[in-house]
Amino acid sequence: MKATNLYAPTLRESPAEAEVISHKLMLRAGLIRKAAGGVYSYLPLGWRTIRKIQQIIREEMDAAGGQEIAMPIIQPSELWKESGRWEVYGDEMMRMKDRHGREFCLGPTHEEMITALVRDEVRSYKQLPLMLYQMANKYRDEIRPRFGLMRSREFIMKDLYSFDRDEEGMNVSYQKMYDAYAKIFTRCGLEFRPVEADNGAIGGGHSHEFTVLAQSGESSIAYCGGCDYAASDEKAELKVIVEAPEDALPLEKVETPDAHTIELVKDYLQVPIEKTIKAVAFQDDDERLILAFVRGDHEVNEVKILNAVEGALHLHMAEESAIVAAGGCPGFMSPIGLKPGTVVLVDSTVMEMHNAVAGANEKDFHYKNVNPKRDFKDVIVTDLRMVKEGDPCPRCGAPLKMTRGIEAGQVFTLGTKYSQSLGATFLDENGKEKPLVMGCYGIGVGRTMAAAIEQNNDEHGIIWPRAIAPFELVVVPVNAKNGEQLSYAERVYEELKAAGVDVLLDDRTERAGVKFKDCDLIGYPLRITIGPKALEENVIEVKVRKTGEVLSFTKESYLREVRELLKKL
Ligand code: ATP
Ligand code: MG
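Note that the coordinates shown come from a computational prediction; the quantities given were computed from them, not determined experimentally.

A.B. asks: Describe the packing of aromatic side chains, and please don't skip the residues or the numbers.
C.D. replies: Taken as a whole, this structure holds 10 aromatic pairs when the rule is applied. Ring centres of Y174 and Y441 lie 6.3 Å apart, and the angle between their planes is 50°; on these two criteria the pair is classed as tilted. In this pair, Y174 sits in helix α6 (residues 167-187) while Y441 sits in strand β24 (residues 437-444), placing the two residues 267 residues apart along the sequence. Residue class for Y174 comes out buried when judged on its relative accessible area of 4%. Geometrically, the ring pair formed by F185 and F192 is tilted, given 5.8 Å between the ring centres and 50° between the ring planes. F192 gets classed as buried once you look at its relative accessible area, which sits at 18%. The lysine or arginine in question, R491, covers the ring of Y488, its NZ or CZ lying 5.3 Å from the ring centre. Taking NZ or CZ as reference, R527 lies 3.8 Å from the ring centre of F516, over its face.

A.B. asks: Quick rundown of the side chain of D507? Include the residues and the values.
C.D. replies: Secondary-structure assignment places D507 in the loop between β28 (503-505) and α15 (512-522). Buried charge D507 goes without a salt bridge, the closest partner of opposite sign being K2 at 5.2 Å. Polar side-chain contacts of D507 include one of 2.7 Å to the side chain of T4. Ignoring any residue separated from it by four or fewer positions in sequence, one finds D507 in contact with K2, A3, T4, P477, A480 and L486.

A.B. asks: Go over the coordination of the magnesium ion (ligand 2), please, and point to the residues and values.
C.D. replies: Metal coordination angles have textbook ideals: 109.5 degrees for a tetrahedral set of four donors and 90 or 180 degrees for an octahedral set of six. Around the magnesium ion (ligand 2), the protein contributes the donor atoms E407 (OE) and Q410 (OE1), at 1.9 to 2.2 Å from the metal centre. E407 sits in the partly exposed class, given a relative accessible area of 22%.

A.B. asks: An account of helix α2 (residues 44-63) is requested, with residue identities and associated values reported.
C.D. replies: An ideal rise of 1.5 Å per residue puts 28 Å on 20 residues; α2 measures up with 28 Å between its terminal C-alpha atoms. Taken residue by residue, α2 has L45, G46, T49, I50, K52, I53, Q54, I56, I57, E60 and M61 as its buried positions. Remark: G65 follows α2 within two positions and exhibits a positive phi of approximately 105°.

A.B. asks: Lay out the domain arrangement of the protein chain in plain terms, naming residues and giving numbers.
C.D. replies: Taken domain by domain, the protein chain holds domain 1 (3-237 + 402-454), domain 2 (252-382) and domain 3 (471-568). Distance between the C-alpha centres of domain 2 and domain 3: 66 Å.

A.B. asks: Outline the pairing of strand β31 (residues 550-553), supporting the account with residue identities and numerical values.
C.D. replies: As judged from the 4 bridges shared by strand β30 (residues 540-544) and β31, these two strands associate in the antiparallel manner. Looking across to β31, one finds that E541 is bridged to S552. From the end of β30 to the start of β31, which pair antiparallel, there are 5 residues, and G548 there has a positive phi angle of about 80°.

A.B. asks: Talk me through the sheet that holds strand β20 (residues 380-382); I want residue IDs and the actual numbers.
C.D. replies: The sheet built from 5 strands is open, its strands ordered β16-β14-β15-β17-β20 with mixed pairing. Whereas interior strands pair on both sides, the edge strands pair on one side only; in this sheet they are β16 (315-317) and β20. Each adjacent strand pair in this sheet contributes to an overall mean axis angle of 35°, direction not counted. One ladder, built from 4 bridges, connects strand β15 (residues 289-295) with strand β17 (residues 343-347); its direction is parallel. Looking at β17, one finds that L291 is bridged to V344.

Procedures and definitions
- Residues numbered from 1 in each chain as written.
- Chains lettered and ligands numbered in written order.
- Predicted model: local features only at pLDDT ≥ 70, side-chain atom pairs only at ≥ 80, totals over all residues.
- Heavy atoms only, no water.
- Phe/Tyr/Trp six-rings, centres within 6.5 Å; stacked < 30°, edge-to-face > 60°.
- Helix = DSSP H or I, 4+ residues; strand = E, 2+ residues; numbered from the N terminus.
- Buried < 20%, exposed > 50% of the residue type's maximum accessible area, 1.4 Å probe, protein only.
- Lys NZ or Arg CZ within 6 Å of the ring centre and 35° of its normal.
- Lys, Arg positive; Asp, Glu negative; His and termini not counted.
- Salt bridge = Lys/Arg side-chain N within 4 Å of Asp/Glu carboxyl O.
- Polar contact = N/O pair within 3.5 Å; in protein donor to acceptor, adjacent residues only side chain to side chain.
- Contact = heavy atoms within 4.5 Å.
- Donors = N, O, S within 2.8 Å, 3.2 Å for Na, K, Ca; no water.
- Expected span 1.5 Å × (residues − 1).
- Domains from an automatic or database assignment.
- Pairing = 2+ DSSP bridges.
- Axes fitted to C-alpha atoms, helices over the stretch in contact; angles between N-to-C directions.

Set out below in structure tokens:
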């Protein structure tokens, strides 16, 4: 490909709307353009990278036994009503009606569609296991579409679904996908970690997220320096902290004027924060009040709350009126003396506290000497808190570290959740009818591209890992108006092309400085410069984008050297 035939409009400044580096650089380097909030067009350079990522994914999905199919983006509401997700999916689902008033959605995911696809034809255990996948646009009306391709409303996802005869088979499929994902992100040249993850609304067994490490990422992950435990902050299990034993003193109600925050209470009563219990009050979609209690210095984990309360799907902060109606008093809460029937969750660590301070459910009053095991009645005790740096690893006890990343892929076991609701069954060896046992596995193709940029950039632009660069190498004649230089560069370009290198010839008659800036911005891993030195001294200069190194080779040696260099990038 020659740059004079390439549509790659670069921008000097990044558009004001772009907040994160990948978004800025994708716009500036001419990879994407915005069509609407969270909806983008891909320009030739961006699309080349997308296709390279897709190709790597395809190869690994096929190698693991997957078969590629294509399913419709438009999905009838009936399927979603069968699974029960038409209502629960909420505003994220883009819904529409046809001219007859029939309801459809633009697929945010395809569990229903694929289960319906196989339910009529997969009849026997002999047809299992089965793995089907597609690479298609997904639609989610995200509350806050932002960060370019990282969180968009239309995005490309590879989604594979596995069908097995039993749980054992499902776990084998899951492991195959887990291994394939590790290969995919390794081949893409990314630094990543598979982390234990929450299953979210999708339901069923266990899950891992494949997180590309980057400080700008929206995901926070906890990992252990001592063993290989790693989990998303939402999922990270926490050990119960057991306080040294103390004799339980009698409960005492004390006045704490205006001390409506944990900071004010601890200062007023002169107790360490570890001796206080704090409350967070939520309501779910049905306006049911849910009260969660953790130690004063801990934070509540909303995902753990949702998992602990049957039927709760989303949480919002509680209205004061709801708290008062349950016998509580905002700023002065405790589980003691609430109306029966109130949903009260207490973190396991709180239950091990002695002679602690908690609210008295009365304005300007707290209790001292709260002993949860003695004083709390009708509460649900569970792990409720958010992990923080230094918490002990649930596996080996070493202190956990926190880091940030971008969830580029996620694998889930689904069990029979969808096959049961949609009636997808098969006959086993004994002629017994059983539901298919499923798993689902997604990779965000555009998000992977964005994550690669977040992880690999500098002040000049993108630094592509070779495997997913729009071109592996660019040949730049310093002065393309000089016929000799241009034809030398063309010969080098042809030679590289013949050797199988994915090469671009920047034959534009722009000033050298402009072309070099564009090369750095777009981030080709290698740049070969053809100038007077090449013609007069037989020196072919190769610049490595990642390190900034400039290496000199001869016309005779450069091809071999370039191949070696590319292998390492
Ligand atoms: P998130 O928690 O970031 O909203 P998710 O867990 O809902 O994502 P999945 O349903 O697991 O996403 O989808 C599989 C993959 O699709 C994700 O790992 C991610 O790479 C990609 N993806 C999901 N939502 C978006 C989006 N709005 N824009 C771009 N990619 C997305
Ligand atoms: Mg996910």
